[in-house]
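# Per-entry structural report
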Amino acid sequence: MFVHAHSFEDLTAEAEEEARRAAELDESGEQCEDELKVLVGEKSIKEKPKEEEEDVCSEAWRSHKKHVFVLSEAGKPIYTRYGSEEALSSTMGVMMALVSFVEAKKNIIRSIHADGCKVVFLTKSPLVLVGVSQTCQSDKELLRELQYIYYQIVSLLTLTQLNHIFQHKQNYDLRRLLAGSEYLTDNLLHRLERDPALLLSAVTCLPLPSSARDVVSSSLQAAKAKNLVFSILVAGDRLVSLVRKKDQFLHHIDLHLVFNLVGSSSSFREGEGWTPICLPKFSTAGFFHAHISYLEPASELCLILVSTEREDFFNMSDCKQRFLERLSKRSAYQSLKEALKCPTYAVEQVGIPELRHFLYKSKSSGLYTSPEFPVVYQSDKEQRRVMGLYQELHSSLHHPTRPLRIFYRCGETENLMAYVTNGFELYLCFSPLATKALAYSAVSKLLKWIRKEEDRLFILSPLTY
């Protein structure tokens, strides 16, 4: 359903078309600022209140397990997760000096390891991103998170605009354009720590009978328009249906950025939104325009219609109405509302007593499924801890030089198992009383249960226009 290896360059070889798009979007900084105000909302264009910013000299600031910094190649601060950019300008200057020093020796600085701390660098001209971590995550995992932050910034401005700005003024203060959008980056970093979707490079679906999902998908397919590229129906962070234009693919990173945009702003509940958005894994050159609206004021169902045309708002609004009219005539709409009352499922349904939780990703579809956390992991602290354990398992399976196929680990509070094949990835969390033999037999039983439920848990036959 999602093409993980395909970027825009893979999807088209028409260099002339790319050049045309770049030329159309080579706008001035002021014009881009107007676009961004539409995206983040006028009332959000404010600096963070100074009283909310931590003192970068305080013990509280130093005690954070992970910091993220973004700066320009001129050493100008752009973003910090904690504290103020102004207070960290000298620190970021030192970071840039390290990058420049190593580059002068015709080399690339990738990471620094010292005293239980990792400093990971990602240079994506004209930006430099730095992650400082005291967690157990590998360099590869931290680099993946920095890439998400990079794509988040590109989704707001486009790479064409970024290059244009810094070619004309190397020491430009990019915070001027990004002012008010910090909450998007903050929320994305929060998701990177808590959301299995970003760890697995996948998307989870709302559990729904296949007959109802087919009706929803066919209704989206029927409500098409000339410039419509993607029709996406979501319920919170869960995908209900996605219909795409033939031969056009949506990368999971782009979909995660769309989820982050919708989930980070309550303004879309106030009516029909129309916002520019760059999908960087499709094309870093220009903006799509997204019509974002909820099917009902109090509903979690949100419809995102992505168009290539800037002046296409009314056409997209008409597509939404046609979709609603078609859907409301079918019983599937009621099934959809019923599914929203219970958007997840309990691990007890699998029928393995010692199994507490699991993550299963289908590599062919780019979709994953997992049950709700049981009572023992209901607190936010415990869920963060379990996600940290899954991150460690993921790092072990995907180690750059010593990748593992099966990993089993015993602990005081739970036993863990990870298993990867050409077709799937599986992460399991068991009671500490579970044995290794039980864990291996549980894998077989769980896979049978998933095969039996797959038409409810996954989108098996995605449609196209």
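The following refers to the structure shown. (Residues numbered from 1 in each chain as written. Predicted model: local features only at pLDDT ≥ 70, side-chain atom pairs only at ≥ 80, totals over all residues. Heavy atoms only, no water.)

## Brief notes about the environment of Phe249
Looking at where Phe249 falls in the secondary structure, it is placed in the loop between strand E8 (238-244) and helix H12 (252-264). As for Phe249 and Val229, which are separated by 20 residues in sequence, their C-alpha atoms are 9.3 Å apart. (Helix = DSSP H or I, 4+ residues; strand = E, 2+ residues; numbered from the N terminus.)

## Focus on the sheet that holds strand E3 (residues 111-114)
As summarised here, the arrangement of the five strands in space is E2-E1-E5-E4-E3, forming an open sheet in which the pairing is antiparallel. The open sheet has two free edges, formed respectively by strand E2 (77-80) and E3, since each of these has just one partner strand. Sheet twist, expressed as the mean angle between neighbouring strand axes with direction ignored, is 15°. Sheet analysis places strand E1 (residues 66-72) next to strand E5 (residues 127-133), joined by seven bridges and oriented antiparallel. Within E5, the residue paired with Ser72 across the bridge is Leu127. (Pairing = 2+ DSSP bridges. Axes fitted to C-alpha atoms, helices over the stretch in contact; angles between N-to-C directions.)

## Digging into a nonpolar patch on the surface
Together, Val94, Leu98 and Ile112 give the surface a local cluster of nonpolar side chains, amounting to about 220 Å² of exposed area. If you trace the backbone, Val94 turns up in helix H5 (residues 89-104). (Patch = residues over 30% accessible without salt bridge, like charges linked within 9 Å, V, L, I, M, F, W, Y side chains within 5 Å. Areas by Shrake-Rupley, 256 points an atom, 1.4 Å probe, with all protein chains shown as cover. Salt bridge = Lys/Arg side-chain N within 4 Å of Asp/Glu carboxyl O.)

## A look at the pattern of salt bridges
This structure, assessed with the given rule, holds 16 salt bridges. Between Glu145 and Lys66 there is a salt bridge; the shortest N-O distance is 2.9 Å. On the criterion of sequence distance, the pair formed by Glu145 in helix H6 (residues 139-157) and Lys66 in strand E1 is long-range, its members being 79 residues apart. Overall, the relative accessible area of 4% leaves Glu145 in the buried class. Put simply, Arg81 and Glu193 hold a salt bridge, and the shortest N to O gap is 3.0 Å. Of this pair, Arg81 sits in the loop between E2 and H5 while Glu193 sits in helix H9 (residues 182-194), and the two are 112 residues apart along the sequence. On the basis of relative accessibility, which here comes to 15%, the residue Arg81 falls in the buried class. When salt bridges with common partners are traced through the structure, they connect Glu86, Asp173 and Arg175 into a single cluster. (Buried < 20%, exposed > 50% of the residue type's maximum accessible area, 1.4 Å probe, protein only.)

## Side note on unusual backbone geometry
Looking along the chain, the bond that leaves Ser125 and enters Pro126 is cis, with omega of 10°. Topologically, Pro126 is positioned in the loop between strand E4 (117-124) and E5. For Lys106, which is not glycine, the phi dihedral falls at a positive 60°. With respect to the helices and strands, the residue Lys106 is situated in the loop between H5 and E3. By relative accessible area, Lys106 is classed as exposed at 80%.

## Details of the packing of H9 against helix H15 (residues 380-397)
At a minimum axis separation of 8 Å, H9 and H15 run at an interaxial angle of 70°. When the axis of H9 is compared with that of H15, the two are roughly perpendicular. Contact with H9, carried on its side by Leu192, Glu193 and Arg194, involves Asp380, Arg384, Met387 and Gln391 of H15 and no other residues of that element. Taken together, the residues of the contact of H9 with H15 break down into two nonpolar, one polar and four charged. (Parallel < 35°, antiparallel > 145°, perpendicular 65-115°, else oblique. Contact = heavy atoms within 4.5 Å. Nonpolar A, V, L, I, M, F, W, Y, C, P; charged D, E, K, R; others polar.)

## Some thoughts on the nonpolar core
The biggest cluster of nonpolar side chains holds 105 residues, and the ones touching the most others in it are Leu174, Ile304 and Phe358. No other element matches H6, which puts ten residues into this core. Those residues in contact with Phe358 that sit more than four places away from it in its chain are Tyr345, Val347, Val350, Thr369, Ser370, Pro371, Tyr390, Tyr427, Leu428, Leu446, Trp449 and Ile450. In terms of nonpolar packing, the next biggest core, distinct from the first, is built from 27 residues, Leu206, Ala235, Leu324 and Tyr465 among them. (Core = buried A, V, L, I, M, F, W, Y, C linked by side-chain atoms within 4.5 Å.)

## Overview of the packing of aromatic side chains
For the structure on display, the rule yields eleven aromatic pairs. Note on Tyr150 and Tyr151: the rings are 5.5 Å apart at their centroids and 55° apart in plane angle, and the pair reads as tilted. The pair formed by Tyr150 and Tyr151 is uniform in burial state, with each residue classed as buried. Ring geometry for Phe230 against Phe282: centres 6.3 Å apart, planes inclined by 90°, an arrangement best described as edge-to-face. Of this pair, Phe230 sits in strand E7 (residues 228-235) while Phe282 sits in the loop between strand E9 (273-277) and strand E10 (288-294); the two residues are 52 residues apart in sequence, bridging distant segments of the chain. The residues Phe230 and Phe282 share a single accessibility class, namely buried. Put simply, the rings of Tyr360, Tyr419, Phe424 and Phe458 touch in pairs and so form one group of aromatic residues. If you follow Arg456 out to its NZ or CZ, it ends over the ring of Tyr345, 6.0 Å from the centre. (Phe/Tyr/Trp six-rings, centres within 6.5 Å; stacked < 30°, edge-to-face > 60°. Lys NZ or Arg CZ within 6 Å of the ring centre and 35° of its normal.)

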